[in-house]
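# Reading the structure
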Amino acid sequence: MKWSNTALVGGAFAVCLGGMASVALAQSAADLGKTLTPNGAEKAGNKDGTIPEWTGGITTPPAGYKPGGVYVDPYASDKPLFTITGQNMAQYADKLPEGLKALLKQYPDYKMVVYPTHRSASLPKSVYDETLANATRAKLVDDGNGVDGAKVGVPFPIPKSGVEVVWNHILRWKGKQLERQYGAANPQSDGAYTMINIDEKSKFLYSDTGPDGQTSLYFQQEVTAPARLAGEILLVHETMDQVKEPRNAWTYNPGQRRVRRAPNVAYDNPGTASDGLRTSDQLDVFNGSPDRYEWKLVGKKEMYVPYNAYQLQSDKLTYDQLIKPKHINQDYARYELHRVWVVEGKLKAGTSHIYPRRTFYVDEDSWGILVADQYDSRDQLWRVTEAHGINFYDIQSYWAGLFAVYDLQSGRYTASGFTNQEKPYNFNVSLTAADFSPDSLRRSGVR
């Protein structure tokens, strides 16, 4: 991938990419809602017309959707434009993340079915209003390891650094609270798998009225099946500055019937029920403290990325249809051309992580990371993450329901967020701080 001539020009961030005209983004809150969307993306489409103008995203659920029901695909009538394979990828290489190129090269049956682009991401007006306010009141603290003065909306809609984009991803609006059940799988190389069932509940304090002191999120995750894992519970109180106040975490072990502090549930500690195929900070592609990396804002580029993945959420599909050897069933994955911010993280001297380098491809409309490349100690591409998102249009929030982490070295992958045979997400659940206390964790464990 060729990048060149990245500079600050006349108070605007300008990016010149190989074969792509310069893009100048004004650094003024006054542009939000005008030349920029209320969330900080370029409102206009591209010159080729292959990326349309943003006109508000999905603000009304499509016909046939019933509140509390399965999400209807608003683009079900779309026809594929073309399919990218290992054989023809060279003609699309300048618009492909490195990780997706690697998947196309390594797996002959991996493909990317490309559809017309829909800029479906939308947010409630109240979130846009807070984002506008954040543009002039939010600031980084503790050398970029924390955020102060922001609430509800993304803190930095007009980013000037890589770490600001990372914080936008971490703090993007996903509703005020959520209860969901989903499946996860870690298939063997021949495709054999055991479905892992997980119950989660979250209270997004930052996205409601703002952080409660340092606490921005309450999160609880319980494995309910299979029997050998059932009963394991993780509780997290996330903080706005984990250098100043580290993440608080507890686990409940059903064998010991005890609640214990879990300070290692962070960074490159193995992720829950992932068979060691992802790290704790790869949940939601990236979460937690950004403090171990130097984050470089490489620029913005048009790229083919997973988007509007309603087919993968269909209740007409079984898990056996979706979970295949080497990768998920790409017949049901959808890719579109979107503008993404490219952010590269390199491990700081004196710190440790199994990924010394990682690259994020961040959606300009939602600030969610769509693809991530993770490198090993030899600087070889090791793991690739794909986030297959939808607009949860009942609350107007675009983010990933299903995400997969592909290990190029072992030839295996872990995928989570399968909801095809589960209850739809419940964003209207009533949750309080008491539901996320260590005592509550203990009561949950002995039910």
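Scroll up a little and you will see the structure.
First, a word on what this report is: a plain description of the structure on this page. (Residues numbered from 1 in each chain as written. Predicted model: local features only at pLDDT ≥ 70, side-chain atom pairs only at ≥ 80, totals over all residues. Heavy atoms only, no water.)

The amide bond that connects Ala225 to the next residue, Pro226, takes the cis arrangement and shows omega of 5°. For Pro226, the location among the structural elements is in the loop between β10 (215–225) and β11 (233–239). Even without glycine at this site, Asp142 takes up a positive phi of about 50°. With respect to the helices and strands, the residue Asp142 is situated in the loop between β6 (139–141) and β7 (146–148). Here Asp379, not a glycine, exhibits a phi torsion of approximately 65°, which is positive. Mapped onto the elements, Asp379 comes out in the loop between β17 (369–375) and β18 (381–392). Overall, Asp379 belongs to the partly exposed group, its relative accessible area being 41%. (Helix = DSSP H or I, 4+ residues; strand = E, 2+ residues; numbered from the N terminus. Buried < 20%, exposed > 50% of the residue type's maximum accessible area, 1.4 Å probe, protein only.)

On to the pattern of salt bridges, then. When the charged atoms of two side chains with opposite charge come close together, those side chains can pair. One pass over the full model with this rule turns up 26 salt bridges. A salt bridge links Glu42 to Lys300; the shortest N-O distance between them is 3.2 Å. Note that Glu42 is positioned in the loop between β3 (20–26) and β4 (82–84) and Lys300 in strand β14 (residues 293–306), a separation of 258 residues in sequence. A single network of salt bridges, built from pairs that share partners, joins Glu42, Arg119, Lys300, Arg339, Glu364 and Asp365. (Salt bridge = Lys/Arg side-chain N within 4 Å of Asp/Glu carboxyl O.)

The next subject is the pairing of strand β20 (residues 412–418). Within β20, seven of the seven residues are buried, which leaves it mostly tucked inside the rest of the structure. Inspection of the sheet shows strand β8 (residues 177–185) paired to β20 by three bridges, in the antiparallel sense. Bridging from a neighbouring strand, Gly183 pairs with Phe418 of β20. Examined bridge by bridge, strand β19 (residues 397–407) and β20 share five bridges and lie antiparallel to one another. Bridge pairing in β20 links Tyr406 to Tyr413. Between β19 and β20, which pair antiparallel and follow one another directly, the connecting turn spans four residues, one of which, Gly411, has a positive phi of 75°. (Pairing = 2+ DSSP bridges.)

Time to look at the nonpolar core. Core analysis: the biggest nonpolar cluster contains 58 residues, and Tyr71, Trp295, Phe360, Phe392 and Phe427 have the highest contact counts within it. In contact with Phe360, other than residues within four places in its own chain, are Val166, Phe286, Trp295, Trp341, Val342, Val343, Ile369, Val371 and Ala372. With 47 residues, the next largest nonpolar core counts Leu100, Ala185, Leu322 and Tyr413 among its residues. (Core = buried A, V, L, I, M, F, W, Y, C linked by side-chain atoms within 4.5 Å. Contact = heavy atoms within 4.5 Å.)

Another aspect to go through is the side chain of Ser216. Along the chain, Ser216 turns up in strand β10. Residues within four places of Ser216 in sequence aside, it is in contact with Lys203, Phe204, Leu205, Tyr206, Pro211, Glu238, Thr239 and Met240.

Applying the stated criterion to the full structure yields 24 aromatic pairs. Relative to Trp295, the ring of Tyr293 lies with its centre 5.1 Å away and its plane at 40°, an arrangement referred to as tilted. Classification of Tyr293 by relative accessible area gives buried; the value is 4%. Aromatic pair Tyr319 and Phe418: ring centres 5.8 Å apart, planes at 65°, arrangement edge-to-face. Residue Tyr319 is located in helix α5 (residues 319–322), and its partner Phe418 is located in strand β20; the two are separated by 99 residues in the primary sequence. For the pair shown, Tyr319 and Phe418 are each scored as buried. Taken together, the aromatic side chains of Tyr65, Tyr71, Tyr310, Phe392, Tyr393, Trp399, Tyr425 and Phe427 make up a single cluster linked through ring pairs. Above the ring of Tyr267, the side-chain terminus of Arg292 is found at 3.5 Å from the ring centroid. When the ring centre of Tyr375 is taken as reference, the NZ or CZ atom of Arg357 above it lies at 3.8 Å. (Phe/Tyr/Trp six-rings, centres within 6.5 Å; stacked < 30°, edge-to-face > 60°. Lys NZ or Arg CZ within 6 Å of the ring centre and 35° of its normal.)

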